[in-house]
Amino acid sequence: MANEYVVRTKDLVKEYTMGDQTLKALNGVSLDIFRGEYISIMGPSGSGKSTLFNAVGGLDKPSSGSVFINDVDMAQLDAQELAYLRCHTIGYIFQTFNLIPVMTALENVTLPTVFAGMSTDEGVERGIELLELVGLGGRLHHKPSELSGGQQQRVAIARSLANNPSIILADEPTGNLDLNTGKEIIDLLKSLNKDQGVTIISATHDLKMLDVSDRIVWIRDGQIAKVEERKDLDIRIGEMEGQEALH
Amino acid sequence: MSEPVSASGTVIRRQIKLPFTKAVEISLKSIRIRFWRSMITAAGILLGIAFFASVRMSAVFSHAQQTRVDEKRATLARGGKLSAEDVILINSAAANAKEEAAAGTRLQWLSIMALLVCTVGITNSMLMSVTERFKEIGTMKCLGALDGFIVKLFFIESCFLGFIASVLGFVVGWLVISLIRLAMDGVEVFGPYFWMQSLRLCGQSAVIGTVLTFLATIFPAYRAAKMPPVAALRAEV
């Protein structure tokens, strides 16, 4: 099935060597992610959550096992093709927003379209459209330093969508935001997921995220502890606080 | 090994690009936002080139002076008459000639050393700028930038700074020496030879300054380009 899975990982292993010790950050993770899914990867610090996230995003090479994005084996790609993949297929959202400080909101959103070879006019049009979509139509020419955290993250979300990616990878997108702003960002991500059909994979600690996720992947000691569907989760939503104690 | 094929069945082609005009735009903005840091980098080149230019200008003036003395001597040899001032000129020139030649060589060496030191300074300053911007560079790579884009951005930025600073450095060195000579020897030394040499030296300074900044940026730009995209994810340091 070519189109059913947008990301598949097979027996992912990532080893780090520290002195004479070998540490397995990931120990045989196989995960299939459907097109259009909203997936949260949860787990305590040091669980291998970030390692899995980085491997899926093509930011880090696994020691063994493979990652397929749209049925393309990432290990087979050279530097140019990886860059192409990052530009067109994956959109990144970061905990610290990571806007380019020298550029305005619009220029930040337009940058990936420049890399993709879009003309300036087209890129600007697309940029304005996306910034309006995330509710920042009135702040096109503000520098990141003139925007609040929530607004910066909105710009980052608009930027991640610039080249119509099939996947958005969000690394702790609400980690640097207060409760309400975090909630707004999560709602925005969910609405994008619903309306644009973009697959969202997010690594997070934020329990607010559970509410909108289609599936939650709990990682523990480099392995998938369990995968929960939202329908199973609804029943237990009252025990949400207990989840933390579990890990 | 088969060509990687995307879901829609089309072969993934290498189509990532960064047009030169866009790269220039980004580089100039980078300079502007880090204006004072950029100015410090530029000051290094400026001072080095100013010193270089002043040494070379002194040589130009010595040469001009020597030509004048030779002319007077020739007049004397032809049996012409010289004023008292001219006699002083000839005598002092004879006394100074040896000394000046020795000092001149030493200064040439010093100016070369100064340029080398300022090259190392630029490398250092650019390396710091790379460290400062690791997150920005990582982010660009996450957005699909190739190593080459990063290299391009760094080179444009430093060469632009290098060129401007070199020209300014030349003007400073040139102005200082010319004013001193003007006060000492009067306007007579400012002949066509002087202007020709000044122009030549201006071009020389610009080329040397720019080339040195370019060389100084090779290593920092390489470091920046090799930065992994995952650097963007690292928390604040």
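Residues numbered from 1 in each chain as written. Chains lettered and ligands numbered in written order. Predicted model: local features only at pLDDT ≥ 70, side-chain atom pairs only at ≥ 80, totals over all residues. Heavy atoms only, no water.

(A) Local environment of the overall build of chain B. Across its full length, chain B holds six helices and zero strands. Overall, the C-alpha framework of chain B stretches about 95 × 40 × 30 Å when taken along its three principal axes. Across chain B, every contact between residues at least 6 apart in sequence was considered, and the portion connecting residues at least 24 apart equals 84%. For chain B, the accessible area works out to roughly 12800 Å², and carbon and sulfur atoms hold 70% of it. Across chain B, the 25 positively charged side chains and the 15 negatively charged ones have centroids separated by 9 Å. (Helix = DSSP H or I, 4+ residues; strand = E, 2+ residues; numbered from the N terminus. Contact = heavy atoms within 4.5 Å. Areas by Shrake-Rupley, 256 points an atom, 1.4 Å probe, with all protein chains shown as cover. Lys, Arg positive; Asp, Glu negative; His and termini not counted. Charge placed at Lys NZ, Arg CZ, Asp CG, Glu CD.)

(B) How the structure looks around the confidence of the model for chain A. Per-residue pLDDT for chain A averages 87, and the proportion of residues at 70 or more is 93%. Contacts from residues 241-247 of chain A, a stretch scored under 50 in pLDDT, to residues over four places away or in other chains number ten contacts. (pLDDT = per-residue confidence, 0-100.)

(C) Spatial organisation of the pattern of salt bridges. Taken as a whole and judged by the stated rule, the model has 20 salt bridges over all chains. Its salt-bridge partner being D214 of chain A, residue K190 of chain A comes within 3.7 Å of it at the nearest N-O pair. Of this pair, K190 of chain A sits in helix α6 (residues 179-196) while D214 of chain A sits in the loop between β8 (199-204) and β9 (215-220), and the two are 24 residues apart along the sequence. Notably, a salt bridge pairs E25 of chain B with K22 of chain B, separated by 4.0 Å at the nearest N-O pair. You can see E25 of chain B and its partner K22 of chain B sitting in helix α1 (residues 20-33), three residues apart, about one turn around the helix. What emerges from the salt-bridge pattern is a single network uniting E107 of chain A together with K22, E25 and K29 of chain B. (Salt bridge = Lys/Arg side-chain N within 4 Å of Asp/Glu carboxyl O.)

(D) Here's a closer look at the pairing of strand β1 (residues 5-18) of chain A. Residue and element names in this part refer to chain A. Pairing geometry for β1 and strand β2 (residues 21-34), over eleven bridges, is antiparallel. The residue bridging Y16 from the neighbouring strand is L23, located in β2. Connecting β1 to the next strand, β2, in antiparallel fashion are two residues, including G19 with a positive phi near 65°. Where β1 meets strand β4 (residues 64-69), five bridges bridge the pair, whose relative direction is antiparallel. (Pairing = 2+ DSSP bridges.)

(E) Representation of the packing of aromatic side chains. Evaluated as defined, the whole model comprises twelve aromatic pairs over all chains. Within the aromatic cluster, the residues linked to one another by ring pairs are F61, F170, W174, F190, F194 and W195 of chain B. (Phe/Tyr/Trp six-rings, centres within 6.5 Å; stacked < 30°, edge-to-face > 60°.)

(F) Region of interest: helix α5 (residues 149-160) of chain A. Compared with an ideal rise of 1.5 Å per residue, which puts twelve residues at 16 Å, α5 of chain A spans 16 Å between its outermost C-alpha atoms and is within 8% of the ideal. The buried fraction of α5 of chain A amounts to eleven of the twelve residues, a majority that puts the element mostly inside the structure. Burial in α5 of chain A covers these residues: G150, Q151, Q152, Q153, R154, V155, A156, I157, A158, R159 and S160 of chain A. Elements that come into contact with the buried residues of α5 of chain A comprise β6 (90-93), α3 (105-115), α4 (120-133), β7 (167-171) and α6 of chain A together with α4 (134-142) of chain B. (Expected span 1.5 Å × (residues − 1). Buried < 20%, exposed > 50% of the residue type's maximum accessible area, 1.4 Å probe, protein only.)

(G) Region of interest: the interface of chain B and chain A. Each partner contributes to the interface: chain B provides 37 residues, whereas chain A provides 34 residues. Roughly 3300 Å² is buried in total at the junction of chain B and chain A, and carbon and sulfur atoms are behind 69% of that figure. Joining chain B to chain A, the criterion identifies one salt bridge. With a closest N to O distance of 2.6 Å, E107 of chain A and K29 of chain B form a salt bridge. If you look at where chain B meets chain A, you find three residue pairs in polar contact (both at pLDDT 80 or more). (Buried area = accessible area lost by both parts, 1.4 Å probe. Polar contact = N/O pair within 3.5 Å; in protein donor to acceptor, adjacent residues only side chain to side chain.)

(H) Geometry of the sheet that holds β4 of chain A. Residue and element names in this part refer to chain A. Taken together, the four strands give an open sheet; going across it, the order is β2-β1-β4-β5, and neighbouring strands pair in antiparallel fashion. Strands at the two margins of the open sheet, each flanked by one partner only, are β2 and β5 (72-73). Against the sheet, helix α1 (residues 49-56) touches β1, β2 and β4, its axis set at about 125° to β1. (Axes fitted to C-alpha atoms, helices over the stretch in contact; angles between N-to-C directions.)

(I) Just the packing of α5 of chain A against α6 of chain A, in detail. All names here are of chain A. Running from N to C, α5 and α6 cross one another at 15°; their axes reach a closest spacing of 10 Å. Here α5 lies roughly parallel to α6, going by the angle between them. Crossing hand, α5 versus α6: right-handed. Across the interface between the two elements, G150, Q153, R154 and I157 from α5 touch T181, E184, I185, L188, L189 and L192 from α6. Taken together, the residues that form the contact of α5 with α6 break down as five nonpolar, three polar and two charged. (Parallel < 35°, antiparallel > 145°, perpendicular 65-115°, else oblique. Left-handed = near helix turned anticlockwise from the far one by under 90°. Nonpolar A, V, L, I, M, F, W, Y, C, P; charged D, E, K, R; others polar.)

(J) Examining a nonpolar patch on the surface more closely. Residues and elements named next belong to chain B. There is a patch of nonpolar side chains on the surface, built from L28, F160, F163, I164 and L168 and spanning about 430 Å² of accessible area. In terms of residue count, helix α5 (residues 147-185) provides more of the nonpolar patch than any other element does, four residues in total. Its location among the elements puts L168 in helix α5. (Patch = residues over 30% accessible without salt bridge, like charges linked within 9 Å, V, L, I, M, F, W, Y side chains within 5 Å.)

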